[in-house]
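Each chain is listed here by its residues.
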Amino acid sequence: MSEKIQYITDVHGKPQFVVLPVEDYHTLLEGDHDESWEDVPYTASDDDQETIPSDVINIMIDEDVSLLAAWRIYSGMSQYDVAEQLGTTQSAVSQWEAVDSRPQKKTREKLAALYGCRPSQMLL
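Rules used in this analysis
Residue numbers restart at each chain and count upward from 1, following the sequence in its written direction. A pLDDT threshold of at least 70 governs which residues receive local features in this predicted model, and a stricter bar of 80 or more applies before side-chain atom pairs are shown or counted, although totals over entire chains, interfaces and linings include all residues. Values reported for side chains reflect all heavy atoms of the structure, with hydrogen atoms and water molecules removed beforehand. Numbering of helices and strands runs from the N terminus, with a helix taken as a DSSP run of H or I at least four residues long and a strand as a DSSP run of E at least two residues long. All radius of gyration figures rest on C-alpha atoms, and the globule criterion is 2.2 Å times the number of residues raised to 0.38. A 1.4 Å probe rolled over the protein chains alone gives each residue an accessible area, and that area as a share of the maximum for its type sets the label: buried under 20%, exposed over 50%, partly exposed in between. Throughout, the Shrake-Rupley method with a 1.4 Å probe supplies accessible areas, and for residues the shown protein chains are the sole cover considered. Positive charges come from Lys and Arg alone, negative charges from Asp and Glu alone, with His and the N- and C-terminal ends not counted. Working definition for charges: the position is that of NZ of Lys, CZ of Arg, CG of Asp or CD of Glu. Note on patches: the residues involved have over 30% relative accessible area and no salt bridge, like charges join within 9 Å, and the nonpolar side chains Val, Leu, Ile, Met, Phe, Trp and Tyr join within 5 Å. A carboxyl oxygen of Asp or Glu within 4 Å of a side-chain nitrogen of Lys or Arg is what we treat as a salt bridge. The definitions used throughout rest on a 1 Å grid laid over the protein atoms alone, on which a cavity is an enclosed set of points accommodating a 1.4 Å probe that cannot get out and a pocket is an open set flanked by protein within 12 Å on both sides along at least five of seven lines; lining residues are those having an atom within 4 Å of a point. Grid points are joined across faces, edges and corners, and a volume is the space filled by probe spheres set on the points. Three residue categories are used. Nonpolar comprises Ala, Val, Leu, Ile, Met, Phe, Trp, Tyr, Cys and Pro, charged comprises Asp, Glu, Lys and Arg, and polar comprises the others, including Gly. Two residues qualify as a contact provided that any one of their heavy atoms is within 4.5 Å of a heavy atom in the partner residue. In this text, buried Ala, Val, Leu, Ile, Met, Phe, Trp, Tyr and Cys residues form a nonpolar core when linked through side-chain atoms within 4.5 Å. Comment: axis = line fitted to C-alpha atoms, over the contacting stretch for helices; angle = value between 0 and 180 degrees taken between N-to-C directions. In this scheme, roughly parallel covers angles under 35 degrees and roughly antiparallel covers those over 145, while 65 to 115 is roughly perpendicular and the rest are oblique. Whether a crossing is left-handed or right-handed is set by the direction in which the near helix is turned from the far one by less than a right angle, anticlockwise for left-handed and clockwise for right-handed.

Moving on, we come to the overall build of the protein chain. For the protein chain, the helix and strand inventory stands at 7 helices and 2 strands. Listing every helix and strand of the protein chain by position from the N terminus yields β-β-α-α-α-α-α-α-α. Over its C-alpha atoms the protein chain spans a radius of gyration of 20 Å, topping by over 25% the 14 Å that the globule rule assigns to 124 residues. Along the first, second and third principal axes, the C-alpha atoms of the protein chain reach 60 × 35 × 20 Å. Relative to its 124 residues, the protein chain shows a buried fraction of 23%. Of the accessible surface of the protein chain, which amounts to about 9400 Å², a share of 50% is contributed by carbon and sulfur atoms. Between the mean site of the 9 positive side-chain charges and the mean site of the 23 negative ones, the protein chain shows a separation of 14 Å.

Shown next as structure tokens:
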């Protein structure tokens, strides 16, 4: 393939689209992928059939927040509201909602009950 590929990014610098030469595009469409594609091993998970409402996913993407924060926003609550209902601090809620955070199962169960979803819907 050609090295003349261009990326179109969003305002945050994240790649959104790619522009490539027509020749490369046709090669991708017409090529025999059986030889060049490789199988990737996959192990099924208990949560494979779990779904998350598209509105929650849209909030997560549009507002660039974690899944837990998206559930809270979708539920119409502030971090302060959640903290009050669960008897904790707004700071703790903020830490749970950090993108790289993975709150304990018990915490996810409390949040799920508050947001009206299943704990397994709070994991990606």
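Turning our eyes to something else, we now look at a nonpolar patch on the surface. Together, Ile5, Tyr7 and Val18 make up an exposed nonpolar region whose accessible area comes to about 290 Å². Relative to the elements of secondary structure, valine 18 occurs in strand β2 (residues 15-19). Overall, the relative accessible area of 44% leaves valine 18 in the partly exposed class.

What the rule picks out here adds up to 2 salt bridges. For lysine 14, the salt bridge is made with aspartate 64, and the minimal N-O distance between the two is 3.3 Å. Of the two residues, lysine 14 is situated in the loop between β1 (6-9) and β2 and aspartate 64 in the loop between α3 (54-62) and α4 (67-74); the sequence distance between them amounts to 50 residues. Overall, the relative accessible area of 40% leaves lysine 14 in the partly exposed class. Of the charged contacts in the structure, one is a salt bridge between glutamate 97 and arginine 72, with a shortest N-O distance of 2.6 Å. Residue glutamate 97 is located in the loop between α6 (90-96) and α7 (105-115), and its partner arginine 72 is located in helix α4; the two are separated by 25 residues in the primary sequence.

Looking now at the layout of surface pockets. The volume enclosed by the largest pocket comes to roughly 260 Å³. Lining the largest pocket are 16 residues, with Ser66, Leu67, Val99, Ser101 and Leu124 positioned closest to its centre. Across the lining of the largest pocket, the residue classes tally to 11 nonpolar, 2 polar and 3 charged.

This part takes up the environment of glutamate 50. Note that glutamate 50 resides in the loop between α2 (33-36) and α3. Along the sequence, glutamate 50 and serine 120 sit 70 residues apart, while their C-alpha atoms lie 7.1 Å from each other. Excluding residues within four positions of it along the chain, glutamate 50 makes contact with Arg118, Ser120 and Gln121.

A few words on the nonpolar core. Residues Trp71, Val82, Trp96, Leu111, Tyr115, Cys117 and Met122 are the most contacted members of the largest nonpolar core, which totals 18 residues. Listing elements by their share of this core, those giving two or more residues are α3, α4, α5 (79-86), α6 and α7. No other element matches the 4 residues that α4 contributes to this core. Setting aside anything within four residues of it in sequence, one finds leucine 111 in contact with Leu68, Val82, Leu86, Trp96 and Met122.

One way to put it is that α5 packs onto α7 with a least axis distance of 11 Å and a crossing angle of 110°. With respect to α7, the axis of α5 lies roughly perpendicular. For α5 against α7, the interelement crossing comes out right-handed. Residues Val82, Gln85 and Leu86 of α5 form the contact with α7, whose own contacting residues are Lys110, Leu111, Leu114 and Tyr115. Counted by class, the contact of α5 with α7 contains 5 nonpolar, 1 polar and 1 charged residues.

Interpretation note: all reported values are geometric properties and have no functional meaning in isolation.
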